[in-house]
Amino acid sequence: MLDGVTDPHNLGACLRTADAAGVLAVIVPKDKSATLNATVRKVACGAAEVVPLVAVTNLARTLEKLQQRGLWIVGTAGEAEQMLYDQDLSGPIALVMGAEGKGMRRLTREHCDFLVRLPMAGSVSSLTSRSRRVSACSRRCASGGRRPAFS
């Protein structure tokens, strides 16, 4: 799930990474989000045609419905205490990533079952959504987890 990713290049890269990781679908809000356009399709290199992009009216309500269906909601946040690589991601999860610079919105964050952060060993303090997605989806695949419910 992408909460507020407005850059079409980032959305395309996220779709491409989602396809490589075997993600079932990518969920975005209808408002304040990049839409599927020619730029997204070009950057996605074919992934836009195979990974469903689902636009929802209310992310918080969508998260509640996913929780009711047995998914764990995993949010990514730079200030989270738990490292992504230390978290068990083997069950059905929904991975939530916020906008560049802003992170997840308050209601989205409140609906997460837990928050994780990516380890940052270099000198930069944050990654773009596409870089975070690559790292997180790679971790999901490496953990032996099956196909994520969505990215």
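Residues numbered from 1 in each chain as written. Predicted model: local features only at pLDDT ≥ 70, side-chain atom pairs only at ≥ 80, totals over all residues. Heavy atoms only, no water.

1. A few points about the environment of Pro119
Here comes step 1: Relative to the assigned elements, Pro119 resides in the loop between strand E7 (114-117) and helix H5 (129-142).
Here comes step 2: On the basis of relative accessibility, which here comes to 32%, the residue Pro119 falls in the partly exposed class.
Here comes step 3: Residues Pro119 and Met83, spaced 36 residues apart in sequence, show a C-alpha to C-alpha distance of 6.5 Å.
Here comes step 4: For Pro119, the residues in contact, after removing those within four places along its chain, are Met83 and Tyr85. (Helix = DSSP H or I, 4+ residues; strand = E, 2+ residues; numbered from the N terminus. Buried < 20%, exposed > 50% of the residue type's maximum accessible area, 1.4 Å probe, protein only. Contact = heavy atoms within 4.5 Å.)

2. Quick word on the pattern of salt bridges
Here comes step 1: Applying the stated rule across the entire model yields 4 salt bridges.
Here comes step 2: Ionic pairing is found between Arg105 and Asp3, a salt bridge with its closest N-O pair at 2.8 Å. One end of the pair, Arg105, is in the loop between strand E6 (93-98) and helix H4 (106-110); the other, Asp3, is in strand E1 (residues 2-3), and 102 residues separate them in sequence.
Here comes step 3: According to the relative accessible area criterion, Arg105 is partly exposed, its value standing at 40%.
Here comes step 4: The shortest N-O distance in the salt bridge between Arg109 and Glu79 comes to 2.5 Å. In this pair, Arg109 is assigned in helix H4 and Glu79 in the loop between strand E4 (72-76) and strand E5 (82-83), connecting sequence segments 30 residues apart.
Here comes step 5: Classification of Arg109 as partly exposed rests on a relative accessible area of 28%.
Here comes step 6: Of the residues examined, Glu79 reaches a relative accessible area of 53% and is grouped as exposed. (Salt bridge = Lys/Arg side-chain N within 4 Å of Asp/Glu carboxyl O.)

3. Structural notes on the nonpolar core
Generally speaking, nonpolar side chains in soluble globular proteins are found buried as a group.
Here comes step 1: Ranked by internal contacts, the top residues of the largest apolar core, which has 24 residues, are Leu2, Leu11, Leu15, Val26 and Val74.
Here comes step 2: In contact with Leu11, other than residues within four places in its own chain, are Leu2, Val5, Val28, Ala34, Thr35, Val40 and Leu53.
Here comes step 3: Listed in part, the 12 residues of the second largest apolar core include Leu66, Leu71, Ile73 and Cys112. (Core = buried A, V, L, I, M, F, W, Y, C linked by side-chain atoms within 4.5 Å.)

4. Here we look at unusual backbone geometry
Here comes step 1: Even without being glycine, Lys32 reaches a positive phi, approximately 55°.
Here comes step 2: Mapped onto the elements, Lys32 comes out in the loop between strand E2 (26-29) and helix H2 (38-44).
Here comes step 3: On the basis of relative accessible area, Lys32 is assigned to the exposed category, the value being 67%.
Here comes step 4: A positive phi angle is found at Cys45, which is not glycine, with a value near 50°.

5. Regarding the sheet that holds E7
Here comes step 1: A sheet is described by the order of its strands in space; here 5 strands give the open sequence E1-E6-E4-E7-E5, paired in parallel fashion. Single-partner strands in this sheet number two, and they are E1 and E5.
Here comes step 2: Here 4 bridges tie E4 to E6, and the two strands are oriented parallel to one another. Paired with Trp72 across the strands is Ile93, a residue of E6. (Pairing = 2+ DSSP bridges.)

6. Thoughts on the packing of aromatic side chains
Here comes step 1: According to the stated counting rule, one finds 1 aromatic pair in the structure shown.
Here comes step 2: Centre to centre, the rings of Trp72 and Phe114 are 6.4 Å apart; their planes meet at 40°, and the pair counts as tilted. Of this pair, Trp72 sits in strand E4 while Phe114 sits in strand E7, placing them 42 residues apart in sequence.
Here comes step 3: Residue Trp72 is classed as partly exposed on the basis of its relative accessible area, which comes to 48%. (Phe/Tyr/Trp six-rings, centres within 6.5 Å; stacked < 30°, edge-to-face > 60°.)

7. Examining the confidence of the model for the protein chain
Parts of the model with low pLDDT should not have their predicted coordinates read in detail.
Here comes step 1: Per-residue confidence for the protein chain gives a mean pLDDT of 83; residues scoring 70 or more make up 79%.
Here comes step 2: Predicted confidence is poor over residues 128-135, with pLDDT under 50, and the contacts of this stretch with residues over four places away or in other chains come to 28 contacts.
Here comes step 3: Within the model, the stretch residues 138-151 combines pLDDT values under 50 with 49 contacts to residues more than four positions away or in other chains. (pLDDT = per-residue confidence, 0-100.)

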